[in-house]
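Notes for the structure review
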Amino acid sequence: MGTHGTSLAIPEPPAELNRAPLVGNNRSLGWISNRVCSLTEGRAPIWWWILLIPSLALLGMLLFMLGYQISTGVGVWGNMHPVMWGWDIINFVWWIGIGHAGTLISAILFLLRQRWRTAVNRAAEAMTIFAVMCAGIYPALHVGRVWYDWWLFPIPNSNSIWPQFRSPLMWDVFAVSTYFTVSVLFWYMGLIPDLAVMRDRARTKLKQFAYGLFALGWTGSNRHWSNYEKAYLILAGLSTPLVLSVHSIVSLDFAVSQVPGWHTTIFPPYFVAGAIFSGFGMVLTLLIPLRSIFKLEDIITKRHIDVMCKVTLATGSIVGYAYGMEFFIAWYSGSPYERYAFINRALGPYWWGYWTMIVCNVVVPQLFWIKAFRHNLVVVFIISILVNIGMWFERFVIIVISLHRDFLPSNWGYYSPSWVDICTYLGTFGLFFTLFLLFIRYLPMIAISEVKGVTPQADPHHPLGGAKVKDMALHE
Amino acid sequence: MNKNVDKTGLDLSRWRQVPTMLIVFGLASVGLGFLVQPPEPIRQFAFSWLLSFMFFLGLCAGALFLVMAHHLFDAGWSVPMRRFLEHIAALFFPWVFVLFIPIALMAKPVIYPWMTMTSPDHALHAKHPLFTIPGFYIVSVACLLTWWWLSNRLRYWSVRQDETGTAEPTYKMRFYSCLGIFLFAVTLTLAVIMWMKALQHQWFSTMYGVYYFAGSVWITLGTTYVITLVLQRRGLISEVLHNHQFYFLGSLLFAFTVFYAYIAFSQYFIIWNANVPEETFWYVLREKGTWWWVSMVIIFGHFFLPFLALLRIDVKSIFPLMVPLCAWTWLMHFLDLSFNIMPVLHPSGFVLHWMDIGCWAFMAGLLAKAFLRNFASTAPYPIKDPRLVEAMGLAHPVPTQISGGELDETDEIPAVHPQIHGGRL
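Residues numbered from 1 in each chain as written. Chains lettered and ligands numbered in written order. Predicted model: local features only at pLDDT ≥ 70, side-chain atom pairs only at ≥ 80, totals over all residues. Heavy atoms only, no water.

1. Considering the overall build of chain B
So the rule is basically this: In this description a helix means any DSSP run of H or I spanning at least four residues, a strand means any run of E spanning at least two, and both kinds are numbered starting from the N terminus. Our radius of gyration is a C-alpha quantity, and the globule rule it is checked against amounts to 2.2 Å times the number of residues to the power 0.38. Under the scheme applied here, a residue whose accessible area is under 20% of the maximum for its type counts as buried, over 50% as exposed, and between as partly exposed, the area being computed with a 1.4 Å probe on protein chains only. By definition in these notes, contact holds between two residues if any of their heavy atoms fall within 4.5 Å. The protein chains shown are the only cover counted for residues, whose accessible areas, like all others here, come from Shrake-Rupley with a 1.4 Å probe.
Across its full length, chain B carries 14 helices and 0 strands. Along its sequence from the N terminus, chain B presents helices and strands in the succession α-α-α-α-α-α-α-α-α-α-α-α-α-α. Since a compact globule built from 425 residues should have a radius of gyration of about 22 Å, the 22 Å found for chain B is in line with a globular shape. Here the C-alpha coordinates of chain B stretch approximately 70 × 45 × 40 Å along the principal axes. The burial tally for chain B puts 63% of its 425 residues in the buried class. Of the contacts formed within chain B by residues at least 6 apart in sequence, a portion of 81% connects residues at least 24 apart. In the structure as shown, chain B presents an accessible area of about 16,200 Å², 70% of it carried by carbon and sulfur atoms.

2. Some details on the overall build of chain A
For clarity, the threshold we go by: Charge counting follows a simple rule: Lys and Arg are positive, Asp and Glu are negative, and His as well as the terminal groups are ignored. Charged side chains are reduced to one point each, which is NZ for Lys, CZ for Arg, CG for Asp and CD for Glu.
Along the backbone of chain A there are 15 helices and 0 strands. Relative to a compact globule of 476 residues, whose C-alpha radius of gyration would be 23 Å, chain A shows 24 Å and is just as compact. Principal-axis analysis of the C-alpha atoms places the extent of chain A at approximately 80 × 55 × 45 Å. For chain A, with 476 residues in total, the buried portion stands at 57%. Partitioning the contacts of chain A with sequence separation of at least 6, the portion at a separation of at least 24 is 79%. Total accessible area computed for chain A in this model is approximately 19,400 Å², and 69% of it derives from carbon and sulfur atoms. Positive and negative side-chain charges in chain A, numbering 32 and 23 respectively, have mean positions lying 7 Å apart.

3. Looking at the side chain of B:His71
All names here are of chain B. Along the chain, the position of histidine 71 falls in helix α2 (residues 41–72). A relative accessible area of 6% places histidine 71 in the buried class. Not counting residues within four places of it along the chain, the set of residues in contact with histidine 71 comprises Arg82, Leu154, Met173, Arg174 and Ser177.

4. Regarding empty space enclosed by the protein
All names here are of chain B. Put simply, the rule is: Both cavities and pockets are sets of points on a 1 Å grid over the protein atoms alone; in a cavity a 1.4 Å probe fits but cannot get out, in a pocket the set is open with protein on both sides within 12 Å along at least five of seven lines, and lining residues sit with an atom within 4 Å of a point. Grid points are joined across faces, edges and corners, and a volume is the space filled by probe spheres set on the points. Put simply, Ala, Val, Leu, Ile, Met, Phe, Trp, Tyr, Cys and Pro go in the nonpolar bin, Asp, Glu, Lys and Arg in the charged bin, and everything else, Gly too, in the polar bin.
The final tally for this structure, using the stated rule, is 4 cavities of 30 Å³ or more. Its volume calculated, the largest cavity comes out at about 100 Å³. Broken down by secondary-structure element, the contributors of at least two residues to the lining of the largest cavity are α2 and α7 (168–195). At 3 residues, the largest contribution of residues to the lining of the largest cavity is made by α7. Broken down by class, the residue content of the lining of the largest cavity amounts to 4 nonpolar, 4 polar and 5 charged.

5. What to know about helix α1 (residues 18–35) of chain B
Residue and element names in this part refer to chain B. As a reminder, the rule being used: By this rule, a helix spans an expected 1.5 Å times one less than how many residues it contains. The arc in question is formed by the directions pointing from the helix axis toward the C-beta atoms.
With 18 residues, α1 should reach 26 Å at 1.5 Å per residue; the first-to-last C-alpha distance of 25 Å fits that figure. All of the buried residues along α1 are Pro19, Ile23, Gly26, Ser29, Val30 and Gly33. Along α1, the residues classed as buried sweep out an arc of 130 degrees about the axis, all on the same side. Along α1, exposed side chains directed more than 90 degrees from the buried face belong to Met21, Val24 and Leu35. Of the surrounding secondary structure, the elements contacted by the buried residues of α1 are α2 and α13 (354–376). Two residues or fewer after α1 comes glutamine 37, characterised by a positive phi angle close to 55 degrees.

6. Considerations on the layout of surface pockets
Any space left empty among the atoms is revealed by the rolling of a water-sized probe across them. Residue and element names in this part refer to chain B. Roughly 1,100 Å³ of internal volume is contained in the second largest pocket. Lining the second largest pocket we find 32 residues, and of these Val226, Ile227, Val230, Trp330 and Ala368 sit closest to its centre. Those elements that place two or more of their residues in the lining of the second largest pocket are α1, α2, α8 (208–233), α12 (319–341) and α13. Broken down by element, the residue count for the lining of the second largest pocket peaks at 7 residues, all from α13.

7. A short note on the packing of aromatic side chains
All names here are of chain B. Quick note on the threshold: Classification of ring pairs uses Phe, Tyr and Trp, with its six-membered ring standing for Trp, and accepts pairs whose centres are within 6.5 Å; under 30 degrees between planes counts as stacked, over 60 as edge-to-face, and the remaining range as tilted. Comment: the charge-over-ring label is applied if NZ (Lys) or CZ (Arg) is within 6 Å of the ring centre and within 35 degrees of the ring normal.
For the structure on display, the rule yields 109 aromatic pairs over all chains. Geometry around tryptophan 282 places arginine 286 over its ring, the cationic atom sitting 3.6 Å from the centre. The lysine or arginine in question, lysine 316, covers the ring of phenylalanine 254, its NZ or CZ lying 5.5 Å from the ring centre.

8. Remarks on the nonpolar core
Our working definition: Take the buried residues of types Ala, Val, Leu, Ile, Met, Phe, Trp, Tyr and Cys, join any two whose side-chain atoms come within 4.5 Å, and each joined set is a nonpolar core.
In terms of nonpolar packing, the biggest core is built from 291 residues, with A:Trp95, A:Met445, B:Tyr112, B:Trp147 and B:Trp195 touching the most fellow members. Ranked by residues supplied to this core, first place goes to α2(B) with 21 residues. Excluding residues within four positions of it along the chain, B:Tyr112 makes contact with B:Leu50, B:Ile103, B:Ala107, B:Phe136, B:Met194, B:Trp195, B:Ala198 and B:Leu199.

9. Notes on the pattern of salt bridges
Put simply, the rule reads: When a carboxyl oxygen of Asp or Glu lies within 4 Å of a side-chain nitrogen of Lys or Arg, that pair is called a salt bridge.
Scanning the model with the defined rule gives 20 salt bridges over all chains in all. Here B:Glu390 and A:Arg19 are joined by a salt bridge, their closest N and O atoms 2.7 Å apart. Of the two residues, B:Glu390 is situated in helix α14 (residues 388–392) and A:Arg19 in the segment before α1 (29–38); the pairing between them involves two chains. The buried category is assigned to A:Arg19, whose relative accessible area is 17%.

10. Here we look at the packing of helix α2 (residues 46–72) of chain A against helix α14 (residues 419–442) of chain A
Residues and elements named next belong to chain A. In plain terms, the rule: Inter-axis angles, ranging from 0 to 180 degrees, are taken between N-to-C directions of lines fitted to C-alpha atoms, where helices are fitted over the stretch in contact. Working definition: roughly parallel below 35 degrees, roughly antiparallel above 145 degrees, roughly perpendicular at 65 to 115 degrees, and oblique for all remaining angles. When the near helix sits turned anticlockwise from the far one by under a right angle, the crossing is termed left-handed; a clockwise turn instead gives a right-handed crossing.
At a minimum axis distance of 7 Å, the contact between α2 and α14 shows a crossing angle of 140 degrees. In this view, α2 runs oblique relative to α14, as classed from their interaxial angle. Taken as a pair, α2 and α14 cross one another with a handedness that is left-handed.

11. A closer look at the side chain of A:Thr128
Rules: Think of a polar contact as two N or O atoms within 3.5 Å of one another; within protein, one of them needs to be a possible hydrogen donor and the other a possible acceptor, and neighboring residues in sequence only count if both atoms come from side chains.
Note that A:Thr128 resides in helix α4 (residues 121–142). Within polar-contact distance, the side chain of A:Thr128 engages the backbone nitrogen of A:Gly102 at 3.2 Å.

12. Some details on the confidence of the model for chain A
Residues and elements named next belong to chain A. Going by this rule: Per-residue confidence from the predictor is reported as pLDDT, a score between 0 and 100.
With 94% of its residues at a pLDDT of 70 or more, chain A shows a mean pLDDT of 91. Segment residues 1–6 is flagged for pLDDT under 50; beyond a separation of four residues in sequence, or across chains, it makes 17 contacts in the model. Predicted confidence is poor over residues 469–476, with pLDDT under 50, and the contacts of this stretch with residues over four places away or in other chains come to 13 contacts.

13. Some remarks on a nonpolar patch on the surface
Residue and element names in this part refer to chain A. Condition: Like charges within 9 Å and nonpolar side chains (Val, Leu, Ile, Met, Phe, Trp, Tyr) within 5 Å are joined into patches, using only residues over 30% in relative accessible area that form no salt bridge.
Taken together, the side chains of Ile70, Trp147, Tyr148, Trp150, Trp151, Phe153, Ile155 and Ile161 define a hydrophobic patch exposed on the protein surface, amounting to about 710 Å² of accessible area. Residue position: isoleucine 161 is located in the loop between α4 and α5 (168–201). Isoleucine 161 sits in the partly exposed class, given a relative accessible area of 31%.

14. Observations regarding helix α6 (residues 133–164) of chain B
Helix length check: α6(B) (32 residues) gives 47 Å between terminal C-alpha atoms against 46 Å at 1.5 Å per residue, within 8%. Trailing α6(B) by a residue or two, B:Gly165 shows a phi angle of about 70 degrees, which is positive.

15. Here we look at the state of the cysteines
Residues and elements named next belong to chain A. Which entries qualify depends on this criterion: The criterion for a disulfide is a pair of cysteine sulfur atoms lying within 2.5 Å.
Taken as a whole and judged by the stated rule, the model has 0 disulfides over all chains. Among the cysteines around cysteine 423, which has no disulfide bond, cysteine 134 carries the closest sulfur, lying 16 Å off. Under the relative-accessibility criterion, cysteine 423 is labelled buried at 17%.

16. Some points on the packing of helix α3 (residues 87–111) of chain A against helix α7 (residues 222–255) of chain A
All names here are of chain A. It is the contact of α3 with α7, at a shortest axis distance of 9 Å, that shows an interaxial angle of 155 degrees. Our classification of the angle between α3 and α7 gives roughly antiparallel. Crossing geometry of α3 relative to α7 is assigned as left-handed. For the contact of α3 with α7, the residue count by class is 16 nonpolar, 8 polar and 1 charged.

17. Some words on the environment of A:Val143
Here A:Val143 shows up in the loop between α4 and α5. Separated by 69 residues in sequence, A:Val143 and A:Val74 place their C-alpha atoms 8.4 Å apart.

18. Points about unusual backbone geometry
For the peptide bond that leads from A:His81 to A:Pro82, omega is 5 degrees, which places it in the cis range. Note on placement: A:Pro82 falls in the loop between α2 and α3. Cis geometry marks the peptide bond from B:His128 to B:Pro129, where omega comes out at 10 degrees. Relative to the helices and strands, B:Pro129 is located in the loop between α5 (122–125) and α6.

Okay, structure coming up:
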């Protein structure tokens, strides 16, 4: 029992409840810089090329598909009466949702002082930006004549054509573009101190120039840090409502309508929770292999994985509550249309989509209640993939199953995607992974300065940070 | 020991009689309410009782949620506040049970029109068997028993840890919180549907359970802030309290101010925009007469005022501003619940009846008395909680919200209050 210079006895925490350190093996500050920067220095490893080449091939396919759709028209999609929204909107919402974890980790967890975020925020933010870029392709394309996309913005023009501000699709334009802009700013600003590190370590003139250009003359002075931290806090404050607003507005695309299965008041928080859920699924999918390949186990520790599993579990359970409430209120309302819409989801021709969603999003994440599963990286990786699949099917269920049987049986149909839908979707993976691979190759995928800030060496009250040993009697 | 200082050292010499006075005042007000003879005195009483019941139910449910959230998040900073939150949650039994009895008795004859419909409409028929008299009582008892069981187990293991200081109670409390959060979500939603939404059983909204939850946690946070301040001023938890706890509570209050507004706005906006008569009638009723102005007060008082007030980082630690703001949360939540419940009784506009005040004062006094008795029966904070050191802001090998960084406080902390038992050398 420690005394800590007071008459109050402070109980020594039982050893089993001690919190695991955020950086393993007491790694030094220099080790952190070397470890993270080494990923971008030297020759690119073989595995990187092995991943990049197929990604580039998929990206090429995406470009071809975009050219084909622009030149031919979006009639090449599988959208057909009565399902006039198909894979385009499903994939838009799916990619946007994936982006949410990055901003949540970087902004909201920063405001909540969750210091574990430092190891994963950089990669998650990059993931956000690339995912939003993939998402943006769909609405830009679905207007049909992409050369009129600029009409989406309220720009004065000779025909006095203005956007329809009462349409939630217009709200999407403003919400997503704002979200993307602020996310890029936030990501870039966080990079500045690390870019300066890269600049100072660079061995070629080109690298020195490139990193130096984007490091904006960072010297690490007190004044720079002071301004940086103020700006970081302001951007975190700005990003936080954006995280919530973007997917809330996406949910309004559906909820403000009168379509059974879409018009339900819980949609905004349900969509936000689902987006964070899918985002964390993707973060786990990306980081679990990367931490092994790059030997980052001491930076992205099992504690980090454990905490992200818990966030996945929490948000998956919230999504489960929303599924339950939708079904319950469909029954409770007594509306035959609502009731049928939900029975049709579970037992209709697309029953497999509904139950895939339930199993992947609600049932499987419950395994994370068990610590052994949270600490088994193979299990976590498989579950994270299932979360990604489940969340794709959630959008499929909401969009296709709600539309394929309209109010009159004469308006019933069965939707199937076309080869163009499928190839375009696969192509967006090419874009995403190409950008992500370039990111991990040329930029520090771990926030070096932030990780250093959570080490004992950075804590002036810790012996490694310069504190006298007697102050630490409690923990000796 | 001074006779006015009870076992826990909570000096109530100036306030000891307040709960009793509230009970007497409440009973007198209800009596006065009957004397002034409103058009339907029994109905007025039933609705006033339901309104106050839902108010204090939200406080107890909010406390239970915060305790469970503490364990689920493995939080450290909130340890000093957890004990009194456990006591508030423990008011479910027997007090919330007892307070529910008048609702159970008046449900059929007075409160819920669906119970006495001779020819059920489609909306009622569709809800069979949930909306039957046995269904109502089964759900009500199941909800109350669930909350009692959870709050009882959580407090039991918390107090047990005061003696042992081992990890086992922590694991037990985590187990009950894991299980409890599911039960809590289901039961609170059902209770709100059966006790509040069922006043107009034709209306439906998937958001309604979340709506009540958001408002309830909001006032619980306001209450937590004030109780923490009182206990700190009395020296009961000051030695384990870092000044950042007030900032964190203020931040959470701010977060739930926004969350409530987000939920309330989303519900309204989606219904307004779709403009389906089966849903809009609920809001149409609440836009008539002076209810319109009540809705305006809720928009500006429940959201804009606390939002703007709490926006500045320093306000959260300025007690002369925060205490009135916390009191304001009670007023706004009461008004919000009135907006939900009372238009059924007074469709032409808002009426503040003596019985509203009386029922509220009676329950406030009764529950305050019970809370103080509970509070005196244990240590004022979990004295051997493994995370206590984090709450105190002492040096910690792993950075947390307070400890392990620039906020560490390694200076000597003040001597402990003499009335605290346990946890001392």
